[in-house]
Amino acid sequence: MKMIRDDRRNPKFGKNLWATPPSIFDPLNSVYHFGLDAAANRDNHQCPTFFNEEGLIKLRPKKDQENPTDFTYVPGGALGNYPWAKASRGKAVWLNPPWSGPLLRKFIDRAIIESVKVTVVCLLPATTEVRWFQRLSAYAYTTFIFIKGRVVYLDPVSKQRLATPQYGSLIAILGPRVPLWESLTPLDSYMWSPFSTQ
């Protein structure tokens, strides 16, 4: 993915590239210790290993500052054939997918498939009337965390506060591992699982 300039007039600069604020990611990462960001680029990734549009990127610290080769590249994006569990080395996967309709549905479908082998934690729009939400609600291993208020997303380049979407946000945790509620109290939110027995 090409570098996106900090320019609101740039048509490529849209909500699909908004970065996750630390107030959302950090409490979840402290519980799950994510090994992969499944939808990112060089500007907005949350993990050193991430999928961009073209492939899997594994960043590593430079040993030689004059050597520009500071990453490993594997062709094929997040919706390709490369297993997320393999990419994350068995650790949980973070997913803040593009929020545009067709892409969002594709990422949801892929996350459900991948969650059989690895926990997938998604940041999604809280639009409960749409089909992808109904599909997630019907999946036995989904827990929802509805975030109170509106999340302020970040400019992927400058990391400054950028915008809030026109609707709320939620966290969907896919997989059998659900954290203790006390672990996520930094998130001003409430939890709901459609198949909870509690």
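Residues numbered from 1 in each chain as written. Predicted model: local features only at pLDDT ≥ 70, side-chain atom pairs only at ≥ 80, totals over all residues. Heavy atoms only, no water.

Draft legend 1. Highlighting the environment of isoleucine 145. Locating isoleucine 145 in the fold gives a position in strand 7 (residues 142–147). By relative accessible area, which is 0% here, isoleucine 145 ends up buried. For the pair formed by isoleucine 145 and leucine 170, sequence separation is 25 residues and the distance between their alpha carbons is 5.5 Å. (Helix = DSSP H or I, 4+ residues; strand = E, 2+ residues; numbered from the N terminus. Buried < 20%, exposed > 50% of the residue type's maximum accessible area, 1.4 Å probe, protein only.)

Draft legend 2. Looking closely at the packing of aromatic side chains. Enumeration according to the criterion identifies 11 aromatic pairs in this entry. Where phenylalanine 51 meets tyrosine 82, the ring centres are 6.5 Å apart and the plane angle is 70°; that geometry is what we call edge-to-face. Here the residue phenylalanine 51 occupies a position in strand 2 (residues 49–51), and tyrosine 82 occupies one in the loop between strand 4 (71–75) and helix 2 (84–87), the gap between them amounting to 31 residues. Using a relative accessible area of 18% as the deciding quantity, one classes tyrosine 82 as buried. Every member of this aromatic cluster is reached through a ring pair, and the members are Phe25, Tyr32, Phe34 and Trp94. (Phe/Tyr/Trp six-rings, centres within 6.5 Å; stacked < 30°, edge-to-face > 60°.)

Draft legend 3. Region of the structure containing the pattern of salt bridges. The final tally for this structure, using the stated rule, is 2 salt bridges. Note that aspartate 109 is salt-bridged to arginine 135, the shortest N-O span being 2.8 Å. Taken as a pair, aspartate 109 in helix 3 (residues 101–114) and arginine 135 in helix 4 (residues 131–137) lie far apart in primary sequence, 26 residues in all. Owing to a relative accessible area of 33%, aspartate 109 belongs among the partly exposed residues under this scheme. Assessed through its relative accessible area of 43%, arginine 135 is described here as partly exposed. Residue arginine 110 is joined to glutamate 114 by a salt bridge in which the shortest nitrogen-to-oxygen separation is 2.7 Å. Linking arginine 110 with glutamate 114, this pair stays in helix 3, spanning 4 residues, or about one helical turn. (Salt bridge = Lys/Arg side-chain N within 4 Å of Asp/Glu carboxyl O.)

Purely geometric stuff here, so don't read any function into it on its own.
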